[in-house]
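Inside the fold
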Amino acid sequence: MEVTRLSFALGAEVTGIDVSDIDAATYDVIHEAFLEHQILVFCDQDLTPQQQIKFSEHYGEVEVHLAKDHLHPETDKVILISNKRVDGRYIGAVSAGDYWHSDLSCQAQPNLASFLLARELPAEGGDTGFCNQYAALETLPDDLRQQIEGRNGIHTFNRMRNPRVKVPEMHKGDAKMRYADRAPPDGIHPIIRTHPETGRKALYVAHRFTVGIENMPDEESRPILDAIFEHQLNDELIYRHKWQLGDMIMWDNRCTTHHAYGGIPAGQIRHMHRTSLIGDVPF
Ligand SMILES: [Fe+2]
């Protein structure tokens, strides 16, 4: 097994292993690399849903995603991120990742880690960006940091309450059901969170879910959040992954954010299997 750094910002590529067939010592080596590099790209993985679940479960409890209409037909522990249609219906989440986010930061217990496996890819487009939130915090201007120190962010699943994001065209009809009626209560989390395993501090706000700062009027929080989101777009904080078939990326939602760049030509398919782990309450 070889672990090779992928970019200045974060990430490492792991080659020479089949994650469906590893021993306890290797699981530990992977865990160390995961904490150090924040995202790991495992190349050439041909995993069944059950094998992906088994690998994921070694690092925590797999969560059944709240978007029940996008679950894998064989197992509710895998969600499909896909633009494939069967009988006219999209079988997976199409707009997942269209804005920067940490997975389900809108929940009281957001996801610890996620695992995304590329099963079908378009000829172009479909890249995923990952942003290092330790570095985002460390490079944040002092005046901005002072304004968020000790504060909590408000995170919502409801796109209709977030002026920075759009409701995708395909969900215009069912937006209230999808984003309001079945939305969990807002997640209220420290804007600067402490990683429970490394002890390092990271920024924990992003475009898709963060809509405000607790106990602060919107007129005051809006420019602060805008400035942070702008800062998080700095190229030096980001690794942009071009997927190959069989890549499986494992990312740490406690210290990274990610974003699907889109740009998939009409008629081309991008079909991915995702598992996520239940995380703890951010502090
Ligand atoms: Fe995501």
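This write-up is about the structure you can find in this document. Being a predicted model, the structure only gives us computed values, none of them experimental.

Rules used throughout
Residues numbered from 1 in each chain as written. Predicted model: local features only at pLDDT ≥ 70, side-chain atom pairs only at ≥ 80, totals over all residues. Pairing = 2+ DSSP bridges. Helix = DSSP H or I, 4+ residues; strand = E, 2+ residues; numbered from the N terminus. Axes fitted to C-alpha atoms, helices over the stretch in contact; angles between N-to-C directions. Expected span 1.5 Å × (residues − 1). Contact = placed C-beta atoms within 7 Å.

Another point: the sheet that holds strand β9 (residues 127–132). A sheet is described by the order of its strands in space; here three strands give the open sequence β15-β9-β17, paired in antiparallel fashion. The open sheet has two edge strands with one neighbour each: β15 (238–241) and β17 (256–262). The sheet shows a mean angle of 20 degrees between the axes of neighbouring strands, direction not considered. Relative to β17, β9 runs antiparallel, the two sharing six bridges. In the sheet register, Thr128 faces β17, and the bridge partner there is Ala260.

To continue, consider helix α6 (residues 218–231). Compared with the 20 Å implied by 1.5 Å per residue over 14 residues, the 19 Å span of α6 between its first and last C-alpha is a close match. Those residues of α6 that are buried are in contact with α4 (142–148), β13 (201–203) and β14 (210–213).

Pairing in this open sheet of eight strands is mixed, and the strands run β1-β2-β3-β16-β8-β18-β5-β4 from one edge to the other. At either margin of the open sheet sits one strand with a lone partner, and together these are β1 (2–5) and β4 (71–72). As paired strands, β4 and strand β5 (residues 75–82) are joined by two bridges and run antiparallel to one another. Its bridge partner being in β5, Leu71 is matched across the sheet by Ile79. In this fold helix α1 (residues 24–37) packs onto β1, β2 (12–15), β3 (39–42) and β16 (248–252), with an angle of close to 125 degrees to the strand it touches most, β3.

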